[in-house]
Amino acid sequence: MIIRNLVTRAGLVLVGALTATVALAGPAAAHGADAPDGTDYRAEVSAVTPARPGLSVRVIEAGARLELTNTGDQPVEVLGYSGEPYLRVGPDGVYENVRSPATYLNRTIAGETRLPAEADPAAAPDWRRLDGSATVRWHDQRVLWRESAPPSQVRAAPDREHRVRDWTVPLRTGTETGEIRGTLDWVPPPDAYVWWVVATVGLLAVGALGLLPARSRPGTRALAGLGGLLVLGGVAAVVFTVGRELDAGARGVGGVLIGLLGGQVWALLTGLGAIAAGVFALARRPAADFALALAGACLALFAGVANAAVFARAVAPVPWPATTARVLIALILIAGAGATAAGALRLHATSRPQTPQTLQPPPAPPPTSRVDHGVVVADETEQDRADRAP
């Protein structure tokens, strides 16, 4: 009955989380829904010329977008693929030119949006205000490698780093022109097999802790170890999720929270849930095994498997080295899947019915003895008399 109630409550929590995801993720989907989980192309900004006070540009989302911030007193225009005005960022906010084909082509990373009839680079700009901020983010085909096959030099030597191209994005401030300069490099991907082997061996070792008898001293220690490991995995999930939002351009605590609730809510919830379940197990509360199994499964699925692409990509969508991201995802998988296996084994062991011991007949009383004329003679037992009976 207790487990049935916990399953019901867990189902309600998951349904509520799904509803919140659908409700909150809608407005942000058009902005960053196609952010990659990793890539082998490293894009970097090398210079912005001419340098202007308050003007800065950086690459975000593992190279998928450019972010331009202009806090100066003059608006800066980003020019489209035909040299037409495309974006304008200034003291009065961010605007896009609905006449520019780039406005539509840059809505997705693939650039396959169908152009409407009003898209005409030769027409006078028709500015539409997006928001009142001083920052704009966009996909730019001049920065990305959009072909399905890698460049020829990469195919010839895929185990070496290659400069794919130098790129520029033109700018304009009033009558003065400028540009964003950058580079695009191919970086050899890591061997994903090694990382999967590490994660698999780790989760099997953790899952084996569930074989220890739950009510024994080693089993009690194993429960505490599983709880601590699940807390560690939940912290890793939260750190990785926050890193993705920072790499997507979120600024400040408020910006990170909005990004988390809008696009990374599942990973955030599973990370926090794993921390709570781990503390629950450390406290040795009733139904701790069920909490470990449920929270571990959600952690492995929504925070681990969902981000496992970093095992096979050279550039991860986080603001720190890709190796750090791989270590975090491996830890999440080991803690999550291992806790699930161990919790399930412990639940199975404790749910088996106890078979009553076979009743054994009471032992026969020892034979008595008597003294007959100085000789000790053993009395007959009931078994002796039964054996002599005809």
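Residues numbered from 1 in each chain as written. Predicted model: local features only at pLDDT ≥ 70, side-chain atom pairs only at ≥ 80, totals over all residues. Heavy atoms only, no water.

### As for the pattern of salt bridges
Step number 1: Inspection of every chain in the model, using the stated rule, returns 17 salt bridges.
Step number 2: Linking E61 and R65 is a salt bridge whose minimum nitrogen-to-oxygen distance equals 2.8 Å.
Step number 3: The class for R65 is buried, based on a relative accessible area of 5%.
Step number 4: Of the charged contacts in the structure, one is a salt bridge between E77 and R172, with a shortest N-O distance of 3.1 Å. Of this pair, E77 sits in strand β4 (residues 76–79) while R172 sits in strand β9 (residues 162–173); the two residues are 95 residues apart in sequence, bridging distant segments of the chain.
Step number 5: The partly exposed category is assigned to R172, whose relative accessible area is 25%.
Step number 6: Each of the salt bridges in this network shares a partner with another, and the network as a whole consists of R42, E44, E161, R163, D166 and D185. (Salt bridge = Lys/Arg side-chain N within 4 Å of Asp/Glu carboxyl O. Buried < 20%, exposed > 50% of the residue type's maximum accessible area, 1.4 Å probe, protein only. Helix = DSSP H or I, 4+ residues; strand = E, 2+ residues; numbered from the N terminus.)

### Quick look at the side chain of R326
Step number 1: Note on placement: R326 falls in helix α9 (residues 322–351).
Step number 2: Looking at R326, its side chain comes within polar contact range of the main-chain oxygen of V310, at 3.0 Å.
Step number 3: Setting aside residues up to four positions removed in sequence, R326 forms contacts with P190, W195, V310, F311, R313 and A314. (Polar contact = N/O pair within 3.5 Å; in protein donor to acceptor, adjacent residues only side chain to side chain. Contact = heavy atoms within 4.5 Å.)

### Re helix α4 (residues 192–207)
Step number 1: The end-to-end C-alpha distance of α4 is 22 Å, a good match for the 22 Å that 16 residues give at a rise of 1.5 Å each.
Step number 2: Its side-chain oxygen at 3.1 Å from the backbone nitrogen of Y193, D191 defines the N-terminal cap of α4. (Expected span 1.5 Å × (residues − 1).)

### Focus: the side chain of R88
Step number 1: Examined against the element boundaries, R88 turns out to sit in strand β5 (residues 85–90).
Step number 2: Under the relative-accessibility criterion, R88 is labelled buried at 18%.

### A word on the packing of aromatic side chains
To describe a pair of aromatic rings, one takes the distance between the centres and the angle between the planes.
Step number 1: For the structure shown, the criterion picks out five aromatic pairs.
Step number 2: Residues Y41 and W145 carry aromatic rings whose centres are separated by 6.3 Å and whose planes lie at 25° to one another, so their mutual orientation is stacked. Highlighted residues: Y41 in strand β1 (residues 41–49) and W145 in the loop between β8 (135–138) and α3 (152–156), separated in sequence by 104 residues.
Step number 3: Look at Y41 and you get buried, because its relative accessible area is 16%.
Step number 4: Look at W195 and F311: their rings are 6.0 Å apart centre to centre, the planes differ by 15°, and that puts the pair in the stacked class. Placement of the pair is W195 in helix α4 and F311 in the loop between α8 (288–304) and α9, with a sequence separation of 116 residues.
Step number 5: Accessibility expressed as a relative area gives 18% for W195, which makes it buried.
Step number 6: A relative accessible area of 0% means that F311 is categorised as buried. (Phe/Tyr/Trp six-rings, centres within 6.5 Å; stacked < 30°, edge-to-face > 60°.)

### A look at the environment of S216
Step number 1: For S216, the location among the structural elements is in the loop between α4 and α5 (217–247).
Step number 2: Among the polar contacts listed, one links the side chain of S216 to the backbone oxygen of P213, at a separation of 2.7 Å.
Step number 3: Within the local environment of S216, its side chain forms a polar contact with the backbone nitrogen of G219, the two atoms lying 3.1 Å apart.

### What to know about the nonpolar core
Step number 1: L230, F240, L299, F311, I329 and I332 are the most contacted members of the largest nonpolar core, which totals 35 residues.
Step number 2: Among the elements of the structure, α4, α5, α7 (265–282), α8 and α9 are those that each provide at least two residues to this core.
Step number 3: A total of 11 residues in this core trace back to one element, the largest contributor, which is α9.
Step number 4: Contacts of L230, omitting those with residues within four sequence positions, involve A274, I275, A277, G278, L292, A295, G296, L299, A335 and A339. (Core = buried A, V, L, I, M, F, W, Y, C linked by side-chain atoms within 4.5 Å.)

### Some details on the sheet that holds strand β3 (residues 65–70)
Step number 1: Pairing is antiparallel across the open sheet formed by three strands, whose spatial order is β2-β3-β8. If you trace the sheet from one side to the other, it starts and ends with β2 (55–60) and β8, each paired once. Geometrically, the sheet is characterised by an average inter-axis angle of 15° between neighbouring strands, direction not taken into account.
Step number 2: Across four bridges, β3 lies against β8 in antiparallel orientation. In the sheet register, L68 faces β8, and the bridge partner there is V136. (Pairing = 2+ DSSP bridges. Axes fitted to C-alpha atoms, helices over the stretch in contact; angles between N-to-C directions.)

### Focus on a nonpolar patch on the surface
Step number 1: On the surface, a cluster of nonpolar side chains totalling about 460 Å² of accessible area is made up of Y193, V194, V197, V198 and V201.
Step number 2: For V197, the position within the fold is in helix α4.
Step number 3: Classification of V197 by relative accessible area gives partly exposed; the value is 33%. (Patch = residues over 30% accessible without salt bridge, like charges linked within 9 Å, V, L, I, M, F, W, Y side chains within 5 Å. Areas by Shrake-Rupley, 256 points an atom, 1.4 Å probe, with all protein chains shown as cover.)

Function-wise, these values are silent; they only describe arrangement.
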